[in-house]
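Architecture at a glance
So the chains spell out like this:
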Amino acid sequence: MEQVEADGLRKTYGETVAVDGVSFSVDAGEVFALVGPNGAGKTTLVRCLTGTARPADGEARLLGTSPEQTDEARVSLLPQEFTPPERLTPDELIGYYASLYPDDETRDTDALVDEMGLSDAVDTRYGDLSGGQKSRLKVAVSLVNDPDVIFLDEPTTGIDPEGREDVWRVVERLADEGTAVFLTTHYMREVERLADRVALIDDGKLVEVGKTDDVIRKHAGEPRLVVRTVGSAEEAIEGFDATVEGDELVFEGVGVDGIGDALDALDGAGVGYDEVRWREPGLEEAYLHLTGEV
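Let me sum up the structure you'll find in this document. (Residues numbered from 1 in each chain as written. Predicted model: local features only at pLDDT ≥ 70, side-chain atom pairs only at ≥ 80, totals over all residues. Heavy atoms only, no water.)

We now examine the pairing of strand 6 (residues 149-153). Counting buried residues in strand 6 gives five out of five residues, a clear majority hidden from the surface. The two faces of strand 6 match: Val149, Phe151 and Asp153 on one face and Ile150 and Leu152 on the other face are all buried. Judged from the four bridges that link them, strand 5 (residues 75-78) and strand 6 form a sheet pairing that is parallel. Its bridge partner being in strand 6, leucine 78 is matched across the sheet by leucine 152. Bridge count for strand 6 against strand 7 (residues 180-184) is five bridges, and the pairing is parallel. Of the residues in strand 7, the one forming a bridge with isoleucine 150 is valine 181. (Buried < 20%, exposed > 50% of the residue type's maximum accessible area, 1.4 Å probe, protein only. Helix = DSSP H or I, 4+ residues; strand = E, 2+ residues; numbered from the N terminus. Pairing = 2+ DSSP bridges.)

Printed below as a string of structure tokens:
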């Protein structure tokens, strides 16, 4: 079921077009990631989808109705600029936000604190928490109402690796339980780990929308095996598409399972080497290709 919908959304500020004809939908149980540089239109698009900004044209729908008419208890938004009072502890902060909803519509706060790895800091004031603990607490606050749709804006910025894993596991669990997760991030590894589908936005327009793996395969190019050779490597390597670039041989389209075969072919051709590098292109390469930055 479509939980979030955008149909031809367009938003302007004076003569500036912030969002330009954007269309997509997000299903229940799906993690949908929006990726783009600062100023690309991500925040404006989220504001249109959540009803805090009115589009100049097109339509946004949230849980089957207009964002302004959606039951707020079923939706959660974690904005990047959210800054809680420094005097409150995690227990107090989560308890306060939980008190804004009926008891039968909230998650167990103790379990939430434990799940976000905050049990040891439950009585520490927000101002004394580490950067990672603060980020995890913000995510915990956004989950108190057990939302059907959650918007997460850069949820792991400034967070430690262990905390990032905690957040990722929570996002995966939410999706498994049927929550629609709308994620904005600059961290491509985060998208590759979490997102079922990704939308790449540039200058207010979506340049691609699709399953994350499909977008990578379509636009990021083939895996590359780069071998720094010792001596001459001018002759072709039989059975491989390899080109000479200075003192390196570049094998295009060699997957990780083909590395051994490529090196065997070098040995068979009498080509020595002293360095081997393999890289599988990811979402970052796809994005740079689509936006013309490479």
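A few words now on the packing of helix 7 (residues 212-219) against helix 9 (residues 283-290). Contact pair helix 7 / helix 9: the axes reach a minimum separation of 8 Å and the direction vectors enclose 60 degrees. It follows that helix 7 is oblique to helix 9 by the angle criterion. In terms of crossing hand, the pair formed by helix 7 and helix 9 is left-handed. Touching Val215, Ile216 and His219 of helix 7 are Leu283, Glu285, Ala286, His289 and Leu290, all from helix 9. A per-class count over the contact of helix 7 with helix 9 returns five nonpolar, two polar and one charged. (Axes fitted to C-alpha atoms, helices over the stretch in contact; angles between N-to-C directions. Parallel < 35°, antiparallel > 145°, perpendicular 65-115°, else oblique. Left-handed = near helix turned anticlockwise from the far one by under 90°. Contact = heavy atoms within 4.5 Å. Nonpolar A, V, L, I, M, F, W, Y, C, P; charged D, E, K, R; others polar.)

In this section: the layout of surface pockets. Empty space within the largest pocket amounts to approximately 480 Å³. For the lining of the largest pocket, the element with the highest residue contribution is strand 5, accounting for four residues. Roughly 220 Å³ of internal volume is contained in the second largest pocket. Ranked by residue count, the leading element in the lining of the second largest pocket is helix 7, at three residues. Classifying every residue of the lining of the second largest pocket by side-chain character gives three nonpolar, two polar and five charged. (1 Å grid on protein atoms, 1.4 Å probe; cavity = no way out; pocket = protein on both sides within 12 Å on 5 of 7 lines; lining within 4 Å. Points joined across faces, edges and corners; volume = space filled by probe spheres on them.)

What follows covers helix 2 (residues 90-98). For helix 2, the set of buried residues is Pro90, Leu93, Ile94 and Ala98. In a view along the axis of helix 2, the buried residues occupy a sector of 130 degrees, so they form one face of it. (Arc of directions from axis to C-beta.)

So, about the sheet that holds strand 4 (residues 57-62). Paired through backbone hydrogen bonds, the strands of a sheet run either parallel or antiparallel to each other. Spatial strand order, 2-1-4: three strands in an open sheet with antiparallel pairing. For this open sheet the edge positions go to strand 2 (16-27) and strand 4, each flanked by a neighbour on one side alone. Neighbouring strand axes in the sheet, compared pairwise and without regard to direction, differ in orientation by 20 degrees on average. Sheet topology note: the strand 1 (residues 2-13)/strand 2 ladder contains nine bridges and is antiparallel. Residue pairing in the sheet places threonine 12 in a bridge with valine 17 of strand 2. Along the sheet, helix 1 (residues 42-50) makes contact with strand 1, strand 2 and strand 4, crossing strand 1 at roughly 120 degrees.

Within the fold, threonine 212 resides in helix 7. Owing to a relative accessible area of 2%, threonine 212 belongs among the buried residues under this scheme. Ignoring sequence-local partners within four residues, the contact set of threonine 212 consists of Val191, Glu192, Ala195, Asp196, Arg197 and Val198.

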